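# Survey of secondary and tertiary structure
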Amino acid sequence: MTRIGCIAGGVCLSAVVLDAQAQAPAFTVPRIVTPGVSQQPAASEPAAELVPAWRTPLVEGRFDEALAKSSGEPWAAAYIRGRAAERRGAHDEAEQAYRASLVDQPTGEPAIALGELLTYLGRREEAVPLWSAILRAGQVQRTGAAIGRAARAAQALTQVRLANSYFQSATNMSPDDAQMHARWGDLFLEKFNEAEARSSYETALKADPRYVPAIIGLARSLADSNPTAAEAAARQALEIDPANPDALVLLAAEALDASRRGDARPGLDRVLGLNPRHIEALALSAAIAQIEDRPDDVAAFTTRAMAVRPRNPDVPRIIGERVARQYRFDEAVRFLRQAVAFDPENSRAQASLGLHLLRTGDEVAARAALDASFTKDPFDAVTYNLLTMLDGLEKFVSVPAGNLVVRLHEAEAPVLQPYLVPLAEEALATLSKRYAFTPQGPILVEVFPRHDDFAVRTMGLPGMLGALGACFGKVVTMDSPKARPPGTFNWAAVLWHELAHVITLQMSGNRLPRWLSEGISTFEETRARAGWGRESELLFAQAYAAGRLLPLKDLNSGFAKVETINLAYQQASVLVAYLVETQGDAKLQAFVRSFGEGLDDGAALTRAYGRTWETLQPEFDAYVKQKYGAFVPALTEVDAPPPGRTATAADWKAFADAHAGNFRLQMVAASPLLRLGDLDGARVVLERAAALVPFASGEASPWRLLASTALKQDNGADARRYMVEVLDRDHTAVSTLRQLVAQARGGDDAALRQRAAERVIEIDPFDPGAHTALGELALSRGDLPTALRELQAAVDAGPANPAEALTSLAEATLRSGQRDDAKRHLIKALETTPRHERAQELLLQIVDGGAGAPRP
């Protein structure tokens, strides 16, 4: 289907440049029209759906400051009185003041303020004539200020292209007008084009670094991608305007998202103390009450909000979206359905309903809601992206498997299905038994070959570069192995991690704190396979050595900060490991279930373990010291300037020897030694690093470098020893493990080669060599079904030498007695490489009527 238009929430996640191919322009969000091109309003454009609830009037602003300094302007004094009255919730007084100002300024700032106020109160039909008059005035007056007001009017009338064009013209005419750039940013942010919004806000702040609406707009544009920066911007706004309600509400929302409800309440109380009729503050207060299972308070706050604007769809929408950020998607859908019922024409409510229906797995109902939203607003980036993503899902195949439905792209299914589906079944069965819980299904697992499709399916927008998978309780989404370069991640570990979320989220009624949910999932990775779930172990040990571990009572907050999220994952996993090792699985199950009864962290901890955070902290500290204390000297930071650019290999070896007990400095010295060709010296340094911190993995792994260095020296025995260490400790080292598969061909190497090839497939199932190795191993033990599967996968994976792969498949097929199929494979092999001798020989054998197995 064709659409014309431009092209986030609580999700359990596994911790890009967009595809530049011409056939995939989706997911980019340009400025909506060509700069400087004006468009007249279209008669067919939808009726006005006006400003969103969060755009409450602000006293702080460039224009108001100018007015305050003016004299002899009766309309200006009335206008300022209206802004002040509106800020404290005296809406009738504000309306009267604005109307008094209209006498002299029928299409000026008072008209804008009155239009926004009427919209805020739900009186949109009264606002339309005002917006229309402002729009006409801008088309006649053609000044920068008039065109800027016309842009705001066009935006309110949902004439998005025209609004964008007018903002472009207005900012060209008044390039230093901070208010104009900030309002343009509001348009982009309303349509979820956060990058363009940030650009506009930053331009505004270059013109006026103290312009509060631009600072708050910048904070809003960063709220999902960088909460720390968003909070910093909001606090900067409060330094200028200490009672700014938008900044206070934003900080409360960020605290709520980080599960710091105790920090959220004071800010909301302060806003409501200044303005008891502040709709967003009331809705967020209702959301907190819903999260805390206080239905009477939910009703009370909702009633107060509805008294300001009856049947306001933004109130249940805000509640639903905030509840969803706590993983409670079924509850969110209930509130969002109410929002749509209040106003079926509200595109934002329809879009939010569609997004969250997707998270419950109801893709049919989600499409209906998104189609309804798109009809009303084709410029909403999230709506467009989700509908485009759903169109793409038509090319996926669905594989039912017990309590699972796995959806794979049709081009990847032949290779992925034989591995991913059985592993998903194994994970669900293992975890269900361990936690004595059968999740409600079917569990939908969707695997995307493009990362941005995964990001859109998960959050509605491209990006999420650090995320590999997500779980919503009954729905799992994840990157396919082809979504990122091989060696970036282990898809099998991600799948296991997300299915562990399915168990724990459902066990807790989707009320599990993030630290525990992520901690259990990462810990379960370590239980499932050697090397899984330890990619941040070195980071954790370094943080411990530096005294930078997170206090347990604040562990949940670590997930809300970019700078601490990886540490939080690993620390949560270590904490769960401690609880299981010392208290057993049964108490962990009880701990998880207690959240479903509405207990908070502290109460659940006391019930399950008889501890408080204060008493658990020293126990955990002792456990960490026992496990990692011996590595502290090696990981303690040392201020030691390295040799200069002209340093020789001898200089670097002396530097490494002088700091022989420091892991980081050994790794620092190893790189120049390798570059300078001193392989023996590099191995000495790397061996020392590996002995100091044997669990280092990933790019920081000395074992990987030791293996590649030994191979350069043609020292196969040592290379193999290092490769085995990599196999045991590192679950993404695809290059090293490919070398191990190729090398392990001796008579006693079958088990090692099998393990290495299986690990390669966990990383890159489209590696033909790994499948060929597994097929050969299966043939050697007489397992023809497995051999046929693996050798067929080697062909499907697109090998560099398809004739060789097809011939190997033909040999296995012939051994199974399928002569016609073997002949077909060989003919295809010879079509690709006519002189392939092995294929020729085997085909002649079949044609001559030879035995059912190839000649030795």
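Residues numbered from 1 in each chain as written. Predicted model: local features only at pLDDT ≥ 70, side-chain atom pairs only at ≥ 80, totals over all residues. Heavy atoms only, no water.

### Structural notes on the overall build of the protein
Worth spelling out the cut-off: In DSSP terms, a helix is any run of H or I states spanning at least four residues, a strand is any run of E spanning at least two, and both are numbered starting from the N terminus. For this measure, only C-alpha atoms enter the radius of gyration; the expected value for a globule follows 2.2 Å times N^0.38, where N is the number of residues. Buried residues are those whose accessible area, probed at 1.4 Å on protein chains only, stays under 20% of the maximum for their type, while exposed residues exceed 50% and partly exposed ones sit between those limits. Only the protein chains shown count as cover for residues, and the accessible areas themselves come from Shrake-Rupley with a 1.4 Å probe.
When its secondary structure is counted, the protein shows 42 helices and 6 strands. Computed over the C-alpha atoms, the radius of gyration of the protein is 31 Å, within 12% of the 29 Å expected from 2.2 N^0.38 for a compact globule of 856 residues. Its C-alpha atoms put the protein at 105 × 65 × 60 Å along the principal axes. Taking all 856 residues of the protein together, the buried fraction comes to 59%. Carbon and sulfur atoms form 53% of the exposed surface of the protein, whose accessible area is close to 33500 Å².

### Describing the pairing of strand β2 (residues 396–401)
The condition is simple: Note on pairing: two strands pair once DSSP finds at least 2 bridges between them.
Pairing between β2 and strand β3 (residues 404–409): 6 bridges, direction antiparallel. Residue pairing in the sheet places Val399 in a bridge with Val406 of β3. Linking β2 back to β3 in an antiparallel pair, the connection comprises 2 residues, with Gly402 at a positive phi of about 60°.

### Overview of the packing of helix α26 (residues 565–583) against helix α29 (residues 613–628)
Cut-off, in case you're wondering: Angles here are taken between N-to-C directions and fall from 0 to 180 degrees, while the axes themselves are lines fitted to C-alpha atoms, restricted in helices to the stretch in contact. Angular relationships are summarised with four words: roughly parallel below 35 degrees, roughly antiparallel beyond 145, roughly perpendicular across 65 to 115, and oblique for the angles in between. Contact between two residues is taken to exist if any of their heavy atoms lie within 4.5 Å; hydrogens are not considered. Residue polarity is assigned by list, with Asp, Glu, Lys and Arg as charged and Ala, Val, Leu, Ile, Met, Phe, Trp, Tyr, Cys and Pro as nonpolar; anything else, Gly included, falls into the polar class.
Two elements in contact, α26 and α29, have axes whose closest approach is 11 Å; the angle formed by their N-to-C orientations is 95°. In terms of axis orientation, α26 runs roughly perpendicular to α29. Residues Gln571, Val574, Leu575, Ala577, Tyr578, Leu579 and Glu581 of α26 lie in contact with α29, whose contacting residues are Trp613, Leu616, Glu619, Phe620, Tyr623 and Val624. Along the lines of polarity and charge, the residues of the contact of α26 with α29 split into 10 nonpolar, 1 polar and 2 charged.

### Notes on the confidence of the model for the protein
What counts is decided by this rule: Note on scores: pLDDT gives the predictor's confidence for each residue, bounded by 0 and 100.
Put simply, the protein has an average pLDDT of 89, and 91% of its residues get 70 or more. Across residues 15–69 the pLDDT falls below 50, and counting only partners more than four positions away or on other chains, this stretch makes 139 contacts in the model. In this model residues 851–856 is a low-confidence stretch, pLDDT under 50, and it forms 16 contacts with partners more than four residues away in sequence or in other chains.

### Topic: helix α32 (residues 663–675)
Filter applied, for reference: A helix is expected to reach a length of 1.5 Å times the quantity of its residues less one. A 3.5 Å cut-off defines polar contacts: any pair of N or O atoms within that distance qualifies, except that in protein one atom must be a possible hydrogen donor and the other a possible acceptor, and neighbouring residues in sequence count only when both atoms are side-chain atoms.
With 13 residues, α32 should cover 18 Å at 1.5 Å per step; its first-to-last C-alpha distance of 19 Å lies within 8% of that length. All of the buried residues along α32 are Phe663, Leu665, Gln666, Met667, Ala669, Ala670, Pro672, Leu673 and Leu674. In this structure, the buried side of α32 is in contact with α25 (537–545), α30 (632–635), α31 (649–658), α33 (679–692) and α34 (702–712). Where α32 starts, the residue carrying a side-chain oxygen 3.2 Å from the main-chain nitrogen of Arg664 turns out to be Asn662. Downstream of α32 by a residue or two, Gly677 has a phi angle that is positive, lying close to 85°.

### Section: the packing of helix α12 (residues 245–257) against helix α13 (residues 261–274)
Using the following cut-off: Take the far helix as the reference: if the near one is turned anticlockwise from it by less than a right angle, the crossing is left-handed, and if turned clockwise, right-handed.
The interhelical angle for the contact between α12 and α13, taken along N-to-C directions, is 160°, at an axis separation of 7 Å. The angle between the axes of α12 and α13 places the two elements in the roughly antiparallel class. The handedness of the crossing between α12 and α13 is left-handed. Contacts between α12 and α13 involve Pro245, Leu248, Val249, Ala252, Ala255 and Leu256 from the first element and Arg261, Asp263, Ala264, Gly267, Leu268, Arg270 and Val271 from the second. Grouping the amino acids of the contact of α12 with α13 by side-chain chemistry returns 9 nonpolar, 1 polar and 3 charged.

### Considering the nonpolar core
This is how it is decided: Put simply, a nonpolar core is a bunch of buried Ala, Val, Leu, Ile, Met, Phe, Trp, Tyr and Cys residues held in one set by side-chain atoms that sit within 4.5 Å of each other.
Core analysis: the largest hydrophobic core is formed by 140 residues, its most contacted members being Leu499, Trp515, Leu516, Leu575 and Phe591. When residues no more than four places from it in sequence are discounted, the contact partners of Leu516 are Val576, Leu588, Phe591, Val592 and Phe595. Counting residues in each nonpolar core, the second largest holds 92 residues, with Ala85, Ile134, Met180 and Val249 among its members.

### Here's the deal with the pairing of strand β4 (residues 443–448)
Successive residues of a regular strand alternate their side chains across the two faces of the sheet. With respect to burial, β4 is a largely interior element, 6 of its 6 residues being buried. Along β4, one buried face is formed by Ile443, Val445 and Val447 and the opposite face, lined by Leu444, Glu446 and Phe448, is buried too. The pairing of β3 with β4 spans 5 bridges and is parallel. Within β4, the position partnered with Val405 by the bridge is Leu444. Looking at chain direction, β4 and strand β6 (residues 475–479) are connected through 5 bridges and run parallel. When the sheet's bridge partners are listed, Leu444 is paired in β6 with Val475.

### Remarks on the pattern of salt bridges
Selection criterion: Salt bridges, as used here, are contacts in which a Lys or Arg side-chain nitrogen is within 4 Å of a carboxyl oxygen on Asp or Glu.
With the rule as written, the count across this model stands at 66 salt bridges. The salt bridge partner of Glu699 is Arg704, with a shortest N-O separation of 3.6 Å. For Glu699, a relative accessible area of 75% gives the class exposed. Classification of Arg704 as buried rests on a relative accessible area of 17%.

### Here we look at the packing of aromatic side chains
For any pair of aromatic rings, geometry is given as the distance between the ring centres together with the angle between the planes. As a reminder of what qualifies: Two rings from Phe, Tyr or Trp (for Trp, the six-membered ring) form a pair when their centres are within 6.5 Å of each other. A pair whose planes differ by under 30 degrees is stacked, one over 60 is edge-to-face, and the rest are tilted. Charge-over-ring placement is defined geometrically: NZ (Lys) or CZ (Arg) within 6 Å of the ring centre, and within 35 degrees of the ring normal.
Counted according to the given criterion, the structure contains 18 aromatic pairs. Summarising the aromatic geometry, the rings of Phe591 and Phe595 are spaced 5.3 Å apart at their centres and angled 55° between planes, so their arrangement reads as tilted. Placement of the pair is Phe591 and Phe595 together in helix α27 (residues 585–595), with a separation of 4 residues, close to one helical turn. The same class applies to Phe591 and to Phe595, which are both buried. Here the aromatic residues Trp515, Phe591, Phe595, Tyr609 and Trp613 are joined through ring pairs into a cluster of three or more. For the cation-ring pair, Arg334 lies above Phe335, with the distance from its terminal atom to the ring centre recorded as 4.9 Å.

### Let's talk about unusual backbone geometry
Cis geometry marks the peptide bond from Gly441 to Pro442, where omega comes out at 0°. Relative to the helices and strands, Pro442 is located in the loop between α21 (413–434) and β4. In this structure, Thr158 takes a positive phi of about 60° despite not being glycine. Looking at the secondary structure, you find Thr158 in the loop between α6 (144–156) and α7 (160–173). Thr158 gets classed as buried once you look at its relative accessible area, which sits at 16%. Positive phi, close to 60°, is recorded for Asn510, a residue that is not glycine. On the basis of relative accessible area, Asn510 is assigned to the buried category, the value being 13%.

### Considering helix α2 (residues 74–87)
Along its 14 residues, α2 runs 20 Å from first to last C-alpha, staying within 8% of the 20 Å computed at 1.5 Å per residue. For α2, every residue scored as buried is listed here: Trp75, Ala76, Ala78, Tyr79, Gly82, Arg83, Ala85, Glu86 and Arg87.

### Focus: the side chain of Arg611
If you trace the backbone, Arg611 turns up in the loop between α28 (601–609) and α29. Of note is the side chain of Arg611, whose polar atom sits 2.6 Å from the backbone oxygen of Tyr609. A polar side-chain atom of Arg611 sits 2.8 Å from a polar atom in the side chain of Glu619. Excluding residues within four positions of it along the chain, Arg611 makes contact with Gln583, Leu605, Thr606, Leu616 and Glu619.

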